[in-house]
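# Geometric and topological summary
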Amino acid sequence: MGLSAPAPASRNTAAWVLLSRTLIPLSALLTVVIALGLAAVLAVRGWQDLWFVIVSPSPQGVGGAILSSLVLLTVALPIVAIVAFCAAASLWDARIGGSAPKILRGWLPWATGLPPVIAGAAIFFLLVMLGLRLSLFTAAVGLIVLNTPIVCARMLRILLMLPRTLHEAASASGAGPVFVLFRVSLPRAARELFANVSQSAAEMTSQAAVIILAGGVWGKMDPLAVQIWHFAPDRSLARVEAAQCIVLLLFVLVFALIAEGLGGGGKERAMDA
Amino acid sequence: MSQYWERLFVALARLCSWVVASVPIIALLIFIAAFIYARRSTAAFEFVPGVISQTAVTIFLAAIATGAGATIGIGCAIFSHELTRGRFGRIIRLHAKFLAVVPAVVIGWFGVTILLPELHAAQPGWVLAAVAAAIAITVLPDAYILTVRAVRAIPGELLEAAAALGANATQATSQVILPGSISRLIGIYAAIFSRALPEATAASIIFFAAAGAGYPVSHFSLSAVLLAQGTSLRLIDPSMPLVAVLLLGLSVTARVVAARRIGELEWV
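The shown structure was predicted, so the numbers you read here are calculated from the model rather than taken from an experiment.

For the rest of this paragraph, the subject is the overall build of chain A. A count of helical and extended segments in chain A gives 14 helices and zero strands. Secondary structure elements in chain A, listed N-terminal to C-terminal, are α-α-α-α-α-α-α-α-α-α-α-α-α-α. The globule rule puts the C-alpha radius of gyration for 273 residues at 19 Å, and the 24 Å found for chain A is more than 25% above it. C-alpha extents for chain A along the principal axes are approximately 80 × 60 × 40 Å. Classification of the 273 residues of chain A by burial places 56% in the buried group. Of the contacts formed within chain A by residues at least 6 apart in sequence, a portion of 77% connects residues at least 24 apart. Within the structure as shown, chain A displays about 11700 Å² of accessible surface, and the carbon and sulfur contribution to it stands at 71%. Computing the positive centroid from 18 side-chain charges and the negative centroid from 11, chain A places the two 7 Å apart.

What follows is the structure, given as structure tokens:
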């Protein structure tokens, strides 16, 4: 067997090296510039009116809007969490799910990809056809439809990350699948699951398109994201809207930080990896 | 735990499983029913002229936003996770994290205030550039996350072998990570395209601001049209369900391409 000379570096390799030394560092720099620019513009434009939007009545003020956002979360989040957990449990163990997981496993990637505007439009059409009024409650239904598949997929991922040996040992000693889920697996995954729910709360607080279509825009007592959407095109309100954006961002950040503190949900964990 | 509660939970889990699985099909059925309902209740039906230009605008915007947003997101992820370590990498990750939590309405406000100068608010070129930039900022964190997962999916043995041969971070990136994940990176572009197509919140804010200055509605994106009609009409125009189906179809097609390229990567 003779020795062969190493193959010459291809043109592709030179292109990859160029990419690694130019475009990739530039992308990182651009990300930092965009993030800092966004934060700086918000702070410069909005800080003077921050107190004004906190104490003023709606629609300039954020008090009523925050209340509406909290009502939405209070209605939608528990339902999303419970339905998503049950669906994830049925996928996690075939003895719980029976034949349902075969369908769910195939459809889950598509259900998680349903765009917010499409979910909102579907609820809107259904309500118009049934002759029902748009309201905060129907907006909550829109949030539930949009977010349940996503939360389900994340919960399933968390459950599947648990060591399978514990599951198998408990099953071998005669424990039923529901017992194993609640007494063996759930205590070990509780923090991650709560982090996932908190991350979903952050996302639901910032979602506007689905709420606009499924719940309507009323001009008073709209959720905070919808209130900003309603008045943001008006340039004369730019400073007030900037202050409202700061409040919304802080609101979302609180949930995101709770999620990270509890163990990092999907997005945050992926970013920390 | 009693047998009764266990059986109740199993029944509930199966029911929830069916409910979650049926969400896309139910949405599609609602669109078909809405189209039939609207055709019965409305005599006039003008679909083609406006929607063709709006579809072209939607695809154009999504392509530009994907080109910019996905490239920056992918580059940032590779740089912060592979090319740099320690405090510098953490700082870049922190900024990407911040962008991930910024709501789309805030990006829309940013678009109206900064990206779209008041003097050019009715000029299509400026408006489309501002909307594309806003959508690019919106999808950038998604590209970042998917890239981190794609890079993590590369076998560790390959990186270890490169390190054993004396490759530094740039060499490992250019000769192992990029060639090894090229198929997934193309899939990430398709996935980001599928997310950029239906982006409505930030785009509609900029479009509405431009419309106030005289920008034509026929140059809106499909998702912005859906939001505009849904909030102004409060009834179903026959074109609305078709726009929704068109948007869903385009998004799903891009997602199918992405799924084939990316493979088993987690989606959410």
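Further remarks concern the packing of aromatic side chains. Residues and elements named next belong to chain B. Going through the model one piece at a time under the given rule, you end up with 13 aromatic pairs over all chains. Considering the side-chain rings of Phe79 and Phe88, the 6.0 Å spacing of their centres and the 85 degrees angle between planes classify their relative orientation as edge-to-face. On the basis of relative accessibility, which here comes to 47%, the residue Phe88 falls in the partly exposed class. For the ring pair Phe208 and Phe220, a centre distance of 6.0 Å and an interplane angle of 40 degrees mean the geometry is tilted.

Residue and element names in this part refer to chain A. Residues with a pLDDT of 70 or more make up 92% of chain A, whose mean pLDDT is 86. When the criterion is pLDDT under 50, residues 1-9 qualifies, and its contacts beyond four places in sequence or with other chains add up to zero contacts. Contacts of residues 265-273 to residues separated by more than four positions or lying in other chains number 38 contacts, the stretch itself having pLDDT below 50.

Further remarks concern empty space enclosed by the protein. Residue and element names in this part refer to chain B. Following the criterion strictly, the structure yields four cavities of 30 Å³ or more and no others. Approximately 40 Å³ is the volume attributed to the second largest cavity. Lining of the second largest cavity is provided by Thr58, Leu61, Ala62, Val131, Ile135, Ala196, Leu197, Glu199, Ala203, Ser221 and Ser223. Going through the elements one at a time, helix 3 (48-83) and helix 6 (124-152) are the ones with two or more residues in the lining of the second largest cavity. In terms of residues, the lining of the second largest cavity owes the most to one element, helix 3, which gives three residues. Residue composition of the lining of the second largest cavity, grouped by class: seven nonpolar, three polar and one charged.

Here we come to the packing of helix 2 (residues 23-46) of chain A against helix 4 (residues 86-101) of chain B. Two measures define how a pair of helices packs: the angle their axes make with one another and the distance between the axes. Look at helix 2 of chain A against helix 4 of chain B: their axes get within 9 Å of each other, and the N-to-C directions meet at 55 degrees. Taken together, the axes of helix 2 of chain A and helix 4 of chain B lie oblique to each other. For the element pair helix 2 of chain A and helix 4 of chain B, the recorded crossing hand is left-handed. Of helix 4 of chain B, the residues touching helix 2 of chain A (which contributes A:Ala28, A:Thr31, A:Val32, A:Ile34, A:Ala35, A:Leu36, A:Leu38 and A:Ala39) are B:Ile92, B:His95, B:Ala96, B:Phe98 and B:Leu99. By residue class, the composition of the contact of helix 2 of chain A with helix 4 of chain B is eleven nonpolar, two polar and no charged.

Cut-offs and rules
Residues numbered from 1 in each chain as written. Chains lettered and ligands numbered in written order. Predicted model: local features only at pLDDT ≥ 70, side-chain atom pairs only at ≥ 80, totals over all residues. Heavy atoms only, no water. Helix = DSSP H or I, 4+ residues; strand = E, 2+ residues; numbered from the N terminus. Rg over C-alpha atoms; globule rule 2.2 N^0.38 Å. Buried < 20%, exposed > 50% of the residue type's maximum accessible area, 1.4 Å probe, protein only. Contact = heavy atoms within 4.5 Å. Areas by Shrake-Rupley, 256 points an atom, 1.4 Å probe, with all protein chains shown as cover. Lys, Arg positive; Asp, Glu negative; His and termini not counted. Charge placed at Lys NZ, Arg CZ, Asp CG, Glu CD. Phe/Tyr/Trp six-rings, centres within 6.5 Å; stacked < 30°, edge-to-face > 60°. pLDDT = per-residue confidence, 0-100. 1 Å grid on protein atoms, 1.4 Å probe; cavity = no way out; pocket = protein on both sides within 12 Å on 5 of 7 lines; lining within 4 Å. Points joined across faces, edges and corners; volume = space filled by probe spheres on them. Nonpolar A, V, L, I, M, F, W, Y, C, P; charged D, E, K, R; others polar. Axes fitted to C-alpha atoms, helices over the stretch in contact; angles between N-to-C directions. Parallel < 35°, antiparallel > 145°, perpendicular 65-115°, else oblique. Left-handed = near helix turned anticlockwise from the far one by under 90°.

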